[in-house]
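Architecture at a glance
Here's the letter readout for the chains.
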Amino acid sequence: MERQGRTRFRRTARVASIIIAGSTLLACASPYGAAPVATNFPASNQPKLQAAAHWAIVAEKSAEALMRQLAPGGGACADPGAICPRVYVRPVAAQTVFAQNGRAAFSTALVGHKVAVVHTPSAAAVAIDIDVQTVRFSPDRQNQFLPVSAVYAGAWAVYGLAANASPAAAGLAGAAIVGGYDAWRWASSEAASGPTPQTEVLVTVSAADATRYLGRVAAVYYAADSDAGLYTEAPPLFSVAVGGDR
């Protein structure tokens, strides 16, 4: 009984010392600082552009978002029965491969949704501007976390089974390992391969009349660093020799 009492006293003393030490550290912490503490934003997803088909998706999503703002009830349509007013998509200021093809894909998306897209500027048409900005951040930004611990745990479990089982059971465990690998690939397929790109593309689409904005949507995308030239450089010019009478 005396030994149990000593053990209980030691545990109580240990807990008390931990509490006192923690309180001391908190008391030493300063509630003021010369600058705000840098913190991370909550985790989020950002698509990575890796193919021309992705450009078409960007155009489609931008067109859909803008149409919702120009639809009847949003104040942009004089005719309640119209999907949205006639629009004119202005040439893009950025002379890059992505910007030029993006304008064409955006116009195609509008036409596909039965929007009246005119060829030339008109006072009766809503003007649409597409602004593309490309920025480059520092390398080695860490952002990937895949909550697939259950898959890993399952794989290690069947690994242990295969290492300590009969040949038949080991074969079944091997099949389970393959299935676990497939499950891991499926769970991680949403994350783009490679490091976090330094190149990011900001796409802003605006609809306006002579006095005000009628709609405005924006989105941000990663771009593969190896393809950065598609978003920052003008398309190459080719010289073609033409023969004729001298």
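This text goes with the structure placed above it.
Quick notes on the pairing of strand S5 (residues 213-223)
Relative to S5, strand S1 (residues 48-49) runs parallel, the two being bridged by two bridges. Bridge pairing in S5 links Lys48 to Tyr222. For strand S4 (residues 199-208) and S5, the ladder comprises 10 bridges, and the chain directions are antiparallel. Paired with Val201 across the strands is Tyr221, a residue of S5. Here S4 hands over to S5 after four residues, the two strands then running antiparallel side by side.

A closer look at the packing of helix H2 (residues 52-70) against helix H3 (residues 97-112)
Viewed as axis vectors pointing N to C, H2 and H3 meet at an angle of 50 degrees, and their least axial separation amounts to 8 Å. By the criterion of interaxial angle, the relationship of H2 to H3 is oblique. Of the two possible hands of crossing, H2 and H3 adopt the one that is right-handed. Contact residues: Trp55, Ala56, Ala59, Glu60, Ser62, Ala63, Leu66 and Met67 in H2; Val97, Phe98, Asn101, Gly102, Ala105, Phe106, Ala109 and Leu110 in H3. Its residues placed into classes, the contact of H2 with H3 shows 12 nonpolar, three polar and one charged.

Focus: unusual backbone geometry
Its identity as a non-glycine residue notwithstanding, Lys114 has a phi of 65 degrees, on the positive side. Structurally, Lys114 can be placed in the loop between H3 and strand S3 (126-136). Among the residues examined, Lys114 registers a relative accessible area of 67% and is labelled exposed.

Overview of a nonpolar patch on the surface
Side chains of Val135, Phe137, Leu202 and Val220 sit close together on the surface and give an oily, nonpolar patch of about 270 Å² of accessible area. Within the secondary structure layout, Phe137 lies in the loop between S3 and helix H4 (149-163). Take Phe137: its relative accessible area is 40%, and that puts it in the partly exposed class.

Side note on the sheet that holds S3
The strand order across the open sheet formed by five strands is S1-S5-S4-S3-S2, and the pairing between neighbours is mixed. For this open sheet the edge positions go to S1 and strand S2 (87-89), each flanked by a neighbour on one side alone. Pairing of S2 with S3 involves three bridges; the strand directions are parallel. Looking at the pairing, Tyr88 lines up with Ala127 of S3. Sitting on the sheet, H2 is in contact with S1, S3, S4 and S5, with an inclination near 155 degrees to S5.

A few points about the nonpolar core
Membership of the largest hydrophobic core comes to 31 residues, with the highest contact counts inside it found for Phe98, Phe106, Leu110, Ile128 and Val205. Breaking this core down by element, the ones donating at least two residues are H2, S2, H3, S3, S4 and S5. Ranked by residues supplied to this core, first place goes to H2 with eight residues. Ignoring anything within four residues of it in the chain, the contact list for Val205 reads Ser62, Leu66, Phe106, Ile128, Asp129, Ile130, Gly215, Arg216 and Val217.

Some thoughts on H2
For H2, which comprises 19 residues, the first-to-last C-alpha distance of 27 Å matches the rise-based estimate of 27 Å (1.5 Å per residue) to within 8%. Within the span of H2, buried status applies to Trp55, Val58, Ala59, Ser62, Ala63, Ala65, Leu66, Met67 and Leu70.

Quick notes on the pattern of salt bridges
This structure, assessed with the given rule, holds two salt bridges. For Arg90, the salt bridge is made with Asp129, and the minimal N-O distance between the two is 3.0 Å. Of this pair, Arg90 sits in the loop between S2 and H3 while Asp129 sits in strand S3, and the two are 39 residues apart along the sequence. According to the relative accessible area criterion, Arg90 is partly exposed, its value standing at 39%. Asp225 is the salt-bridge partner of Arg136, the closest N and O atoms lying 3.8 Å from each other.

Thresholds, definitions, all that
- The residue numbers shown here count from 1 along each chain, following its written sequence.
- The model is predicted, so local features are restricted to residues of pLDDT at least 70 and side-chain atom pairs to those at 80 or more, both for listing and for counting; the totals for chains, interfaces and linings are taken over all residues.
- By convention in this description, side-chain values take in all heavy atoms of the structure and omit both hydrogens and water.
- Any two strands with at least two DSSP-identified bridges between them are counted as paired.
- Helix and strand assignments come from DSSP, with helices taken as H or I runs of at least 4 residues and strands as E runs of at least 2, each series counted from the N terminus.
- Geometry is summarised by axes, namely lines fitted to C-alpha atoms with helices restricted to the contacting stretch, and by angles between N-to-C directions that run from 0 to 180 degrees.
- Just so you know how the angles are binned, under 35 degrees is roughly parallel, over 145 roughly antiparallel, 65 to 115 roughly perpendicular, and the rest oblique.
- By the definition used in this description, the sense in which the near helix is turned from the far one sets the handedness, with an anticlockwise turn below a right angle giving left-handed and a clockwise turn giving right-handed.
- Contact between two residues is taken to exist if any of their heavy atoms lie within 4.5 Å; hydrogens are not considered.
- Residue classes follow a fixed rule: Ala, Val, Leu, Ile, Met, Phe, Trp, Tyr, Cys and Pro count as nonpolar, while Asp, Glu, Lys and Arg count as charged, and any other residue, Gly among them, counts as polar.
- Three labels apply to residues, based on accessible area from a 1.4 Å probe with only protein chains included: buried if under 20% of the type maximum, exposed if over 50%, partly exposed otherwise in between.
- Patches were defined on residues exceeding 30% relative accessible area and lacking a salt bridge, with like-charge contacts within 9 Å and nonpolar side-chain contacts (Val, Leu, Ile, Met, Phe, Trp, Tyr) within 5 Å.
- Per-residue accessibility takes into account occlusion by the displayed protein chains alone, with areas from the Shrake-Rupley method and a 1.4 Å probe.
- A side-chain nitrogen of Lys or Arg and a carboxyl oxygen of Asp or Glu constitute a salt bridge if their distance falls within 4 Å.
- By nonpolar core is meant a set of buried Ala, Val, Leu, Ile, Met, Phe, Trp, Tyr and Cys residues that side-chain atoms within 4.5 Å join together.
- In this analysis, the expected span of each helix is defined as 1.5 Å times one less than the number of residues it contains.

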